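Structural characterization, general
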There are 2 protein chains.
Amino acid sequence: MAEASAPTATRVVELAGGVGGAKLAEGLQAVAGAGLTVIVNTADDTERHGLLVCPDHDTVLYTLAKVENEELGWGLAGDSWTAMGALERLGEPGWFRLGDLDLATHIARTERLRRGGRLTEVLGGLQRSLGIAATILPMADEPIRTRVRTADGWLEFQDYFVRLRQAPNVTEVEFAGISHARPTAEVGAAIAAAEVIVIAPSNPIVSIGPILAVPGLTELLAIARGRGTPVVAVSGIIGGKALKGPADRLLASLGHEPTALGVARGYAGLIDAFVLDTVDAALAPAVEALGIRPVVTDSIMTDDASRERLAREVLAAAG
Amino acid sequence: MAEASAPTATRVVELAGGVGGAKLAEGLQAVAGAGLTVIVNTADDTERHGLLVCPDHDTVLYTLAKVENEELGWGLAGDSWTAMGALERLGEPGWFRLGDLDLATHIARTERLRRGGRLTEVLGGLQRSLGIAATILPMADEPIRTRVRTADGWLEFQDYFVRLRQAPNVTEVEFAGISHARPTAEVGAAIAAAEVIVIAPSNPIVSIGPILAVPGLTELLAIARGRGTPVVAVSGIIGGKALKGPADRLLASLGHEPTALGVARGYAGLIDAFVLDTVDAALAPAVEALGIRPVVTDSIMTDDASRERLAREVLAAAG
């Protein structure tokens, strides 16, 4: 499997959103095992039926535990919808689907938080129960919530993302609560100890954006880079389209170029290398002109082998 | 079906615990329809995995909606255990079993209470969603919790009742929080409007006991009786044994006679008539000596027809 001949980093930090971040995380876990720490976006967390749902964390969690539902792109393989149907019959809104297996995660998490646990600790307990090797850290313990402005006013993120299927045009994005947030000690320690820091091919606006917006986070990255730790980002835009989700449309409606180059521009000053798909090879010189080393490769992850291959290429790109 | 020739009361209040109360409630609902108000014990309510579970209310709710699980004696017919298994894998205790359908009730209830709803209102919403004709009222909106004293000290009620299967000897019972509770306006109005008040064949110590212990509740019953509203109790002890649960053992260990007569003695001064099973006919004179009119009948409810028959006999006994 190992194509890269360079020595492999064993302490890797990935900044990640949902599916794209989870796929690359699985590849990185195959390489780095327990040396991988994934720092996940929590700004798309939401309260459903009084339960705290953490979509990005859970996508990474289930993917690293190899129990994810690949067809749906969220939730658990083989889940059932018995409780959801009963909730709807009791008058609860049904547009945000929670399976019976999935509900257990949200119930246990919500209870443990209400008992006073920190989000970082509570999520760590869930990860240990599922027996995954890597560590998944929330970007902060404080609640942060993305809201998007549309022609109909401000919307909660999941209202826009799930209920309205990302149809409205977004003219502004905010991360409510972020000014009160701080990187946790665990996030600080993971970044300080990292040999490589990877920014996943997740949505740069609403997945990576909130992580980088946590006050103090980019400073931690800058300190790590100053000590020689490379930061590599992977483009989630390929051929001008997001592989999944509304990243291309968000970039455009917020005034950015909806291409891999537009993504690279957003990370300029923060990263050392940028992984572009082969279909975007022509953008490499423009990336280089930003002071970022371009790395062109096949970046579409279709199976376990391609996830691990991309992970190794990303780590090699850092070296 | 109607055997009783007396005119049937249309405004009936039943004080009830779990299964026995629910069965009689179903019979009373068949007779009185929307005229039935069941006032249920809430002192065996419990928080499981951060969710408020109301065992007696839910047994009555599911029974009146005809979705109860008759084999188990709790929960819903045809329920599944997917979320419960997942909760156990996440390290949550599994001895209090909650089915997937049942969980929806607890999730919706807990959320609506956290949003500021009164217990009475929140439970009313669940009842309307299930389309039942009768009204089920909690005995109070305030949280009240039964605790029992055993050789190992004080135990939460469900710890004793479910986890320890009622094995420990109980030497004392308390209803924590009851001094802060008051009958709700809905309970007061239902008792004031009742043509008949029925005390169900539920556990007199831990099901009916807490209802009668709500400060002001027995005074409401006394006022209703003073206006001519009869109160009829049904024995849940038949031939010296509880049909279900530990009522006989609790009566004995707390110094009462574990017979229908012992139950009648506990209600002396509160009730006008007492329904005994035919096997306990010999106790009728002793009941009469307490100033209570004994009514001897077959009181075991095996099916819908026998529930309705007993309900009609109980209402006729009041008349």
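Going along each chain's sequence as written, the residues are numbered from 1 onward. Chain letters start at A and ligand numbers start at 1, both assigned in the order the entries are written. Local features in a predicted model are, by the rule used here, given only for residues with pLDDT of at least 70; side-chain atom pairs are given and counted only at 80 or more, and totals for whole chains, interfaces and linings are based on all residues.

Residue and element names in this part refer to chain A. The helix and strand labels rest on DSSP assignments: H or I over at least four residues marks a helix, E over at least two residues marks a strand, and numbering proceeds from the N terminus. Expected span of a helix: the number of residues minus one, times 1.5 Å. The terminal C-alpha atoms of helix α4 (residues 100-114) lie 21 Å apart, and with 15 residues this matches the ideal 21 Å at 1.5 Å per residue to within 8%. Our exposure labels follow a C-beta count within 10 Å of each residue's own C-beta, placed from the backbone: buried means 20 or more other C-beta atoms, exposed means 12 or fewer, and partly exposed covers the counts in between. With 13 of its 15 residues buried, α4 lies for the most part within the structure. Count one or two residues on from α4 and you reach Gly-116, which has phi positive near 110°.

This next bit is on the interface of chain B and chain A. On the chain A side, the residues contacting the 25 residues of chain B number 25 residues. Elements supplying a minimum of two residues to the side of chain B that touches chain A: α3 (82-89), α4 (100-114) and α5 (119-130) of chain B. Across the side of chain B that touches chain A, the residue classes break down as 11 nonpolar, nine polar and five charged. Two residues form a contact once the distance between their C-beta atoms, set from the backbone, is within 7 Å. Throughout this entry, Asp, Glu, Lys and Arg are counted as charged residues, while Ala, Val, Leu, Ile, Met, Phe, Trp, Tyr, Cys and Pro are counted as nonpolar. The remaining residues, Gly among them, count as polar.

The next subject is the sheet that holds strand β8 (residues 172-176) of chain B. Residue and element names in this part refer to chain B. Two strands qualify as a pair provided DSSP detects at least 2 bridges between them. In spatial order, the strands read β7-β6-β8; together these three strands make up an open sheet with antiparallel pairing. Edge positions in the open sheet fall to β7 (153-156) and β8, since each of these has one partner strand only. Between one strand and the next, the sheet's axes are offset by a mean angle of 30°, whatever the strand orientation. Where strand β6 (residues 145-150) meets β8, five bridges bridge the pair, whose relative direction is antiparallel. Directly across from Arg-145, in β8, lies its bridge partner Ala-176. Fitting a line to C-alpha atoms yields each axis, with helices limited to the stretch in contact; the angle taken between N-to-C directions then spans 0 to 180 degrees.

So, about the packing of helix α3 (residues 82-89) of chain A against α4(B). Direction vectors running N to C along α3(A) and α4(B) enclose 45°, while the axes themselves pass 8 Å from each other. The orientation of α3(A) with respect to α4(B), classified from their angle, is oblique. The way α3(A) lies across α4(B) gives a crossing that is right-handed. Facing α3(A), whose interface residues are A:Thr82, A:Ala83, A:Ala86 and A:Leu87, α4(B) presents B:Asp100, B:Leu101, B:Leu103, B:Ala104, B:Ile107 and B:Ala108. Looking at side-chain class alone, the contact of α3(A) with α4(B) contains eight nonpolar, one polar and one charged residues. When describing relative orientation, an angle under 35 degrees is termed roughly parallel and one over 145 degrees roughly antiparallel, while 65 to 115 degrees is termed roughly perpendicular and anything else oblique. Should the near helix be turned anticlockwise from the far one by less than a right angle, the crossing is termed left-handed; should it be turned clockwise, right-handed.

Here we take up the sheet that holds strand β5 (residues 135-138) of chain B. Residue and element names in this part refer to chain B. The strand order across the open sheet built from seven strands is β5-β2-β1-β9-β10-β13-β14, with neighbouring strands paired in parallel fashion. The sheet is open, and its two edges are formed by β5 and β14 (293-297), each paired on a single side. Taken pair by pair, the neighbouring strands of this sheet meet at an average axis angle of 25°, ignoring direction. Bridge count between strand β1 (residues 12-16) and strand β9 (residues 196-199): four bridges; the pairing is parallel. The residue of β9 that forms the bridge with Val-12 is Val-196.

What follows concerns the relation of the copies chain B and chain A. Least-squares fitting of chain B to chain A yields an RMSD of 0.0 Å, with the superposition described by an axial translation of 0.0 Å and a rotation of 180°. Accordingly, the operation relating the two chain copies is best matched by a two-fold axis. The C-alpha atom lying nearest the rotation axis in chain B is that of B:Asp100; the distance is 3.3 Å. The overlap is high: 100% of the interface residues of chain B also sit at the interface in chain A, so the same surface is used on both sides. What sets the superposition is a least-squares fit of C-alpha atoms, and only residues with pLDDT of at least 70 in both copies go into it.

Before going further, it helps to examine the environment of A:Val40. Residue and element names in this part refer to chain A. Note on placement: Val-40 falls in strand β2 (residues 36-40). The spacing of Val-40 and Leu-15 is 25 residues in sequence and 6.0 Å in space, taken between C-alpha atoms. The residues contacting Val-40, other than those within four sequence positions of it, are Ala-16, Asp-56, His-57, Val-60, Ile-136, Pro-138 and Met-139.

Attention now moves to the pairing of strand β10 (residues 231-234) of chain B. Regular strands show a simple pattern: their side chains alternate between the two faces of the sheet. All names here are of chain B. The alternating pattern of β10 places Val-231 and Ala-233 on one face and Val-232 and Val-234 on the opposite face, and all of these are buried. Where β9 meets β10, three bridges bridge the pair, whose relative direction is parallel. Note on β10: the bridge partner recorded for Ile-197 is Val-231. Of the pairings in the sheet, the one linking β10 to strand β13 (residues 273-277) comprises three bridges and is parallel in character. Paired with Ala-233 across the bridge in β13 is Phe-274.

In this section: the pairing of strand β7 (residues 153-156) of chain A. Residue and element names in this part refer to chain A. Pairing geometry for strand β6 (residues 145-150) and β7, over four bridges, is antiparallel. Residue Arg-149 lies in a different strand from β7, and its bridge partner there is Trp-154. The hairpin formed by β6 and β7 contains two residues between the paired strands.

For the rest of this paragraph, the subject is the confidence of the model for chain A. Residue and element names in this part refer to chain A. Residues with a pLDDT of 70 or more make up 97% of chain A, whose mean pLDDT is 95. Within the model, pLDDT remains below 50 along residues 1-6, and this stretch shows 11 contacts once partners closer than five positions in the same chain are excluded. Note on the complex model: pTM 0.93, ipTM 0.91. What pLDDT reports is the predictor's confidence in each residue, on a scale of 0 through 100.

All names here are of chain B. Topologically, Leu-113 is positioned in helix α4. C-beta crowding within 10 Å serves as the criterion here: with 18 such atoms nearby, Leu-113 is assigned to the partly exposed category. When the C-alpha atoms of Leu-113 and Leu-52 are compared, they prove to be 9.1 Å apart, with 61 residues separating the residues in sequence. Excluding its chain neighbours within four sequence positions, the residues that come into contact with Leu-113 are Leu-52, Leu-119 and Val-122.

On to unusual backbone geometry, then. With phi around 60°, A:Gln166 is a residue other than glycine that occupies positive phi space. Tracing the chain through its elements places A:Gln166 in the loop between α6 (157-163) and β8 (172-176). For A:Gln166, a count of 16 C-beta atoms within 10 Å corresponds to the partly exposed category. In the Ramachandran plot, B:Arg165 falls in the positive-phi region, its phi being about 50° despite a non-glycine side chain. If you trace the backbone, B:Arg165 turns up in the loop between α6 (157-163) and β8.

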